[in-house]
Amino acid sequence: MSSDKTGAVMVVGAGIAGIQASLDLAESGYYVYLVERSSAIGGTMPMLDKTFPTNDCSMCILSPKLVDAGRHRNIKVVTLAEVREVAGEAGDFSVTLGVQPRYVDPDKCKSCGECADACPQDVPDAYNQGLSERKAVFKLYAQAFPNAYTVDKENCLDCGACVDACQADAIDHGMEGETLRVQVGSIIMAPGFTAFDPKALEYYGYGRLPNVVTSLEFERILSASGPYAGHLKRPSDGREPQKIAWIQCVGSRNRRIEHGYCSSVCCMYAVKEAVIAKEHSAAGLDTTIFFMDMRTYGKGFEKYYNRARDENGVRFVRSRIYEVRPGAEDAERLLIRYGDEQGVLRYEEFDMVVLSVGMEPAADAVTLARKMGLPLNQYNFLEPAPLSGVATAKPGIYVAGAFAGPRDIPETVTQASAAVGESGLLLAEARGTMVSEREFPPERDVAGEQARIGVFVCNCGINIGSVVNVPEVVEYARKLPNVVLAEGNLYSCSQDSLVAMGEAIAANKLNRVVVASCSPRTHRPLFQETLREANLNPELFEMTNIRDQCSWVHQAEKVKATAKARDLVRMAVAKAALREPVRRVSVPVTKAALVVGGGVAGLTSALTLAGQGYQVHLVEKENSLGGLAMRFSEGLRGEDTGSCLREMIAGVESHPLITVYTGREIAGVAGYVGNVVTTLTDGREIRHGVTVLATGGEAYSPTEYLYGRDGRILTNLELDEKLAELAGAKTFVFIQCVGSREPGRPYCSRVCCSNSVKTALKLKKEDPGRQVFILYRDVRTYGILEELYEEARRSGVIFVRYDVDDKPVVSLEDGRLKVTVTEPVLGDRLVIDADILSLAAAIKPAAANTRLSQLFKVPLNEDGFFLEAHLKLRPVDFASDGVFMAGVAHAPKNLEENIAQAKAAAGRACTILAKDRLESHGVVAVVDPAKCAACLTCVRLCPYNAPRIADYAATIEAVLCQGCGTCAGECPNKAITLQSYNDKTFVASVDGLFTEVS
Amino acid sequence: METIQSSQLNPGFRDRVAGLVKNYDFSQCLACGMCTGGCPYSDIHENNDPRKFLRKINLGMEKEVFEDPFIWYCTMCERCTIECPMQVNIAVVVRSLRGTWDKDKIPGYMQTIAREHIESGNQMNVSQVDYEETLEWIQDELREELGDPDYTIPLDKKGAKYFYGFNARDVKIYANELQTTLKLFYAAGIDYTISTRRWDATNIALFTGQNDDFNAISQPIWEEFVNLGCEQFIVTECGHAFRSMKWGQRTFWKGEMFPIRHILELLLDLVKDGSLKLDPDAVTEVVTYHDPCNTARKEGVWQSPRELIRTFVKNFVDMNPNGRWNYCCGAGGGGMAMPEFNEKRKAKGRRKVDQVCATGAQIVIVPCHNCMDQFNDLNKWYPDTKGKSKNVHMCALMERALIMPEKK
């Protein structure tokens, strides 16, 4: 291991895993090289329409992260790049990158699209899965970063039309590729996945029958930015389908094509697509999902499935489909012949068939991993080392996302943060050595000054200028009240314009700036920086969009567009005059963490944090550490959990930075992120900056199936403990979903299927003459765990599906333990004389969660597990800053997943602990104590726990406030205002609209 | 609803089955239903759902498995599991279980055929005298037809390029068709031979699963091929013979491997290299082509026959589905030789009848003796529909288009 460590990390792949890892790293004090093979960051997520289980718009939730990653000072995004060579060792790798030329200078490109309009060459648009066309000069998608076009040289005619069209002089067909060499301390592999190409399964007709589409194509069809602008159409003739079928497990759970694994996400995305497709259809779309096992095992998934079936009317048919053929009468329709579960053959025709394609590792990622000497599993996934969550065979190289094995977005994001946590253990000593902060000159105090406004109107090449009469708008702006300067720019955002803007601010003593140009989403921070460099507070800025909402939408009506631009500018100027500077508040950070819970998750979080040099206080209510996992004999895949746990406990107990408080609980919590004082039940006070809640779960004690009435009826956990004593037992029965997926506990406990299968396999291995039955509702051995299920079947474990309305019946007759269940394939009654009945009992949330949720003011979901800030993209964060969750406290999960999430919580916590001071977000809500009646409205409403009552009035903690404005809107006495967004400015803006100016 | 007692299930049964099929792939079954959907006959008559049958095996219902008529109903066409995601092969399982049968209790007259084949060297018990007389008769006929008094059938010719193996029906029932085939060989001028000793390439043990019979039947013809020192083994238009030779060689032949080809592959080569000349306008009727499962799905020969057809047939219409996905004629797996199940065979054939009728074909090329018998039965059984199309072997239809070379 290198002694001189490098405080930089390379992240390979800029999908959601790479982006999350990069943001966490950069916020934790590491410089990041984010290497991406395509021309823009984002990966697969931008292609998705909505995301399960929240039905959030995928792009809407991703876009802020794209902007953050793209603009981050300590993240260098290298697109069109591939890793050529990795040398060196953990702590100090040298990496050679080959970068393809873009042929467009991203600094000059304004992303106006004139080049693409001029380009004569149509190319199938891979972003739209080939359902539409793009040009040979293109931008991957509208919100792409870098926000610049790229020349697709393979398809380029070299005609020069784009060069002539580009007003910004950004296109250079002579650009050459380059080789970059970078030094990094660690590497995070996050290259993502490739969707399975169903052409390999000719029986489904993909590529032959136009109305058979892949699920990714269907995402694009549903998407408003897709080939049909979000209208539900079938490809063959553009007609709206009335009846759609989804076929599951296309390219998954298929040994024949060496894809024996489950792709983990397809069940949920198919249910989601069916639900969303129904929303798109006015005529009441008929949707059918053909599946084998419905694997809705994640947090909130089971409810989504139930709702889709019971409320949305999605039909679920348990049958794997043999083939898709052209319809009997209409060849554009699709005929499916299938056997239902009873073996009755049915024929049905559909207008469209969606193939739920699985994931496979991307070919170039496989090549790279091999080149780096990283061993892959039999399917070429880079599976993490056992019980590590993220480690590979090589120290200093970590893996995150679907390349580690199929997984959904929250697990991908979790693993990304976990890789950051793990990387921090290696590079802690080099933290902060390669990052820099931007220094700005001191701000000029503008208090008491009369507003002096400068207005800059952008032509955006010809994007605005060809429609809106910019000189006329400039001339008009000059006459507006308080305006001392108005200018037009070819591109307001170009470097020379920005320099000129800075000079104009100084020369004219401007104290407010208005830019009329494009979208604040992409350009507001850029102009605000210019203000800061010119000694102005960034909030003295107002932006109005005269492109997206004016010139682009009123191209045919130039006069009216110009009038609208005048109105927009007038409103902005009126508002700008009332803008006030906002001072950022900052507080120091106590560089210590409190970890609540001493199970696997808590231990892992504690070790990950302490290993990076932060003080950790670990509180455990029991008298010893280890939690529920102490009762496991081994991991799902035979890992030696006992020694792993003992090692962890010893590590925690001997760590100089970790203090363990067993036999104690949390009694009180005061303070906020960075500065919390927690009191334990023994009265001890702990000061810490962040908190990790890792309270674990509890085993459900069944009331079903005669549990407790006979010593031969056990729970899986009890069976695991007793295994050694049962050598003589011959017939074992497992019943799944005991206390899970039931009214009152409607969630799936996620681990029980794999757990029963593992134990069953063990029983069969010990004595192949045993009869082992697993009675299940759906076998949910997702991802690579499917291997266990397959091995169990191969070993003779008998799986019998039961219906929730026809559950197994357990009876005790003359000392015989009898289990009766309907065998669904034969339709017979199967009576099993069992020696042992093991119940896969549910995992319950910890009882302590309720009290902790009140103490830390963090929410629980309706099942009693902690509720994260966002189910998709913030899986370990609470909405309140500085509090994180890990392990079963969040939802049931297996040991491997617990460890990954615990590392992720630590990784996320480090983004706070790495800072000496925390700054407020800029715009925050403030209370006028004179008007406040301490009615608690704001305290109740705030999702971030920012307001509290002190001295009979609310105060809002600036570093907690996210500036959402909920409290300001709801305060009955208007005691709260959101800085820069107060009534005054908006009234002024509206007044501005109706003011006649001569 | 019947009751299955766990105590009656035999957990060791799977090991016995695995011993027979040489793997445990069948136990990977997910009971997903793909085979039920793929089997053309799972809704034609009772006891024909491969999933149910396999389920009994995997549950360990030994007695019920052996009592299940599925074992003999199944045509072993392999359509159900050709793409089974768990790599189960129902036909292999069925054949293996048939192989456990007491030979006296095998249904129909399959075992009689096997016994006679072993004794006589051919499955129809044609005596050597009859065989040689038939060949002589064909030779005489061809001398006349070809106007070549010196024409001789190349018998037992050492070192001939092609060894031609056929079906005893070619001698006993369709001697005129053997004549046609030899005429095509003559026209193409190929170097081939026919053995006077071992010439029947069929093997009924392909369906009875009795491997001792299989070897007793097929080893001699392979040895004959080696003794004559030929280059390629050409098999007649008979799916079962072709499969017996190909699969049997892969499975049981211990000597050096030699190429075994379907006659239609050879004929296509001869047309393509110009040795055989066909009149492209000779056949104007609507023609369709039946893919024998053994030839197409199991041994991959379905493209060359179509390519061949297109050289002399003007109106070719494929059945749907076809090729690798074809439907069995309904008489596979020895179905022709089990008259006690004729009602089932008739019912199964209905699928094929509908398929043929949908093409509107006047002529069906049936390149298989077994399928041909079934097709002819279907014509009788369904005279109003299928009865309207004529069933022919490929060679017979080709003869209509044959342009004889100029005499030198």
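Computed from a predicted structure; not experimentally measured.

Asks: I would appreciate a short explanation of the overall build of chain A in the present structure.
Replies: A tally of regular secondary structure across chain A gives 24 helices and 52 strands. For chain A, the C-alpha radius of gyration of 30 Å lies close to 30 Å, the compact-globule estimate for 998 residues. Taken along the three principal axes of its C-alpha coordinates, chain A extends 100 × 80 × 60 Å. When burial is assessed residue by residue, chain A has 54% of its 998 residues classed as buried. In chain A, the share of contacts with a sequence separation of at least 24, taken over all contacts with a separation of at least 6, comes to 73%.

Asks: What am I meant to see in the overall build of chain B here?
Replies: Tallying secondary structure elements over chain B gives 18 helices and 9 strands in all. The dimensions of chain B, computed from C-alpha atoms along their principal axes, are 80 × 45 × 35 Å. Evaluated residue by residue, chain B yields a buried proportion of 53% over its 408 residues.

Asks: Even after reading the chapter, I still don't get the pairing of strand β42 (residues 809-813) of chain A, so can you show me in this structure?
Replies: A regular strand places its side chains on the two faces of the sheet in alternate fashion. Residue and element names in this part refer to chain A. Bridging between β42 and strand β43 (residues 816-823) involves 5 bridges; their strand directions are antiparallel. Bridge pairing in β43 links S811 to K818. Counting the residues that bridge the hairpin from β42 to β43 gives 2 residues, and of these D814 lies at a positive phi of roughly 50 degrees.

Asks: Honestly, the interface of chain A and chain B in this entry has me stumped. Any pointers?
Replies: Size of an interface: often given as the accessible area lost when the parts come together. With 34 residues of chain A in contact, the opposing surface of chain B contributes 35 residues. Among the elements that line the side of chain A that touches chain B, the one with the most residues is strand β44 (residues 828-834) of chain A, at 6 residues.

Asks: Could you clarify how one ought to interpret the domain arrangement of chain B in this entry?
Replies: Residue and element names in this part refer to chain B. Under the domain assignment, chain B is made up of domain 1 (6-100), domain 2 (110-269) and domain 3 (277-401). Measuring from the centre of the C-alpha atoms in domain 1 to the corresponding centre in domain 2 gives 34 Å. Residue-level contacts link 5 residues of domain 1 with 5 residues of domain 2. The class makeup of the residues in the side of domain 1 that touches domain 2 is 1 nonpolar, 2 polar and 2 charged.

Asks: Can you help me understand the sheet that holds strand β36 (residues 690-693) of chain A in this one?
Replies: Each strand in a sheet pairs with another by means of backbone hydrogen bonds, the pair being arranged parallel or else antiparallel. Residues and elements named next belong to chain A. Strand order across the open sheet formed by 5 strands is β32-β31-β30-β36-β47, with parallel pairing between neighbours. Either end of the sheet is taken by a strand with one partner, and the two such strands are β32 (658-662) and β47 (883-885). Here the strands of the sheet are splayed against their neighbours by 20 degrees on average, with no regard to which way each runs. Note: strand β30 (residues 592-596) against β36, 4 bridges, orientation parallel. When the bridges of β36 are listed, A593 appears paired with V690. In this fold helix α21 (residues 895-913) packs onto β30, β36 and β47, with an angle of close to 170 degrees to the strand it touches most, β36.

Asks: Any chance you could explain unusual backbone geometry here in plain terms?
Replies: Peptide bonds are trans in most cases, and residues, glycine excluded, mostly fall at negative phi. Residue and element names in this part refer to chain A. Residue P53 is bonded to the preceding F52 through a cis peptide linkage, with omega at -10 degrees. The residue P53 is located in the loop between β3 (50-51) and β4 (56-57) in this model. The amide bond that connects F145 to the next residue, P146, takes the cis arrangement and shows omega of -5 degrees. Phi at S264 is positive, roughly 70 degrees, even though this residue is not glycine. By secondary structure assignment, the location of S264 is in the loop between β16 (243-250) and α6 (266-280). Its 25 C-beta neighbours within 10 Å are what place S264 among the buried residues.

Asks: Would you mind going over the packing of helix α15 (residues 600-610) of chain A against α21(A) with me for this structure?
Replies: All names here are of chain A. Relative orientation of the contacting elements α15 and α21 amounts to 40 degrees, with a least axis distance of 8 Å. Classified by the angle their axes make, α15 and α21 are oblique. For the pair α15 and α21, the sense of crossing is right-handed. On α21, the residues touching V600, A601, T604, S605, T608 and L609 of α15 are L895, N898, I899, Q901, A902, K903, A905, A906 and A909.

Asks: I keep staring at the environment of K243(A) and nothing clicks. Help me out?
Replies: Residue and element names in this part refer to chain A. For K243, the location among the structural elements is in strand β16. Using a count of 16 C-beta atoms within 10 Å as the deciding quantity, one classes K243 as partly exposed. Considering only alpha carbons, one finds K243 and E813, 570 residues apart in sequence, at a separation of 51 Å. The contacts of K243, once residues within four sequence positions are left out, are D286, F350 and D351.

Asks: Is there a simple way to think about the confidence of the model for chain B in this case?
Replies: Interpreting fine coordinate detail is not advised for predicted regions of low pLDDT. When pLDDT is averaged across chain B, the result is 97; 100% of the residues are at 70 or more. If you check the scores for this complex, the pTM reads 0.93 and the ipTM reads 0.95.

Asks: Please explain the sheet that holds β43(A) as it appears in this structure.
Replies: Ordered by their spatial adjacency, 4 strands build an open sheet running β42(A)-β43(A)-β44(A)-β1(B), and the pairing between neighbours is mixed. Strands with a single pairing partner mark the edges of an open sheet, and in this sheet they are β42 of chain A together with β1 (3-5) of chain B. Looking at each pair of strands side by side, their axes are set apart by 25 degrees on average, direction ignored.

Asks: I tried to follow the nonpolar core on my own but got confused; where do I start?
Replies: Considering soluble globular proteins, one finds that nonpolar side chains tend to be buried as a cluster. All names here are of chain A. Counting residues in hydrophobic clusters, the biggest one holds 386 residues, and the most contacted among them are V32, I188, M189, V271, A400, L837 and A909. Counting residues per element, this core draws most heavily on α21, which supplies 11 residues. Those residues within four positions of M189 in sequence are excluded, and the remaining contacts are V12, A369, L382, I397, Y398, V399 and F403. I464, V468, A516 and V573 belong to the second-largest nonpolar core, a separate cluster that totals 63 residues.

Asks: Even after reading the chapter, I still don't get the environment of A396(B), so can you show me in this structure?
Replies: With respect to the element layout, A396(B) can be found in helix α18 (residues 394-401). Counting along the chain gives 306 residues from A396(B) to I90(B), while the straight-line C-alpha distance between them is 34 Å.

Asks: Any chance you could explain the packing of helix α16 (residues 342-359) of chain B against helix α17 (residues 369-381) of chain B here in plain terms?
Replies: Relative orientation and spacing of two packed helices are given, respectively, by the angle between their axes and the distance between those axes. All names here are of chain B. Contact geometry for α16 and α17: axes closest at 10 Å, N-to-C directions at 90 degrees. It follows from the interaxial angle that α16 and α17 lie roughly perpendicular. For the pair α16 and α17, contact is made by K346, G349, K352 and V353 and by Q374, L378 and W381, respectively. Residues belonging to the contact of α16 with α17 are distributed by class as follows: 3 nonpolar, 2 polar and 2 charged.

Asks: Explanation requested: the environment of E786(A) in the structure shown.
Replies: When you line up the elements, E786(A) lands in helix α19 (residues 786-794). Setting aside residues no more than four positions away along its own chain, E786(A) makes contact with R253(A), G260(A), Y261(A), C262(A) and T781(A).

Calculation criteria
- Residues numbered from 1 in each chain as written.
- Chains lettered and ligands numbered in written order.
- Predicted model: local features only at pLDDT ≥ 70, side-chain atom pairs only at ≥ 80, totals over all residues.
- Helix = DSSP H or I, 4+ residues; strand = E, 2+ residues; numbered from the N terminus.
- Rg over C-alpha atoms; globule rule 2.2 N^0.38 Å.
- Buried ≥ 20, exposed ≤ 12 C-beta atoms within 10 Å, placed from the backbone.
- Contact = placed C-beta atoms within 7 Å.
- Pairing = 2+ DSSP bridges.
- Domains from an automatic or database assignment.
- Nonpolar A, V, L, I, M, F, W, Y, C, P; charged D, E, K, R; others polar.
- Axes fitted to C-alpha atoms, helices over the stretch in contact; angles between N-to-C directions.
- Parallel < 35°, antiparallel > 145°, perpendicular 65-115°, else oblique.
- Left-handed = near helix turned anticlockwise from the far one by under 90°.
- pLDDT = per-residue confidence, 0-100.
- Core = buried A, V, L, I, M, F, W, Y, C linked by C-beta atoms within 7 Å.

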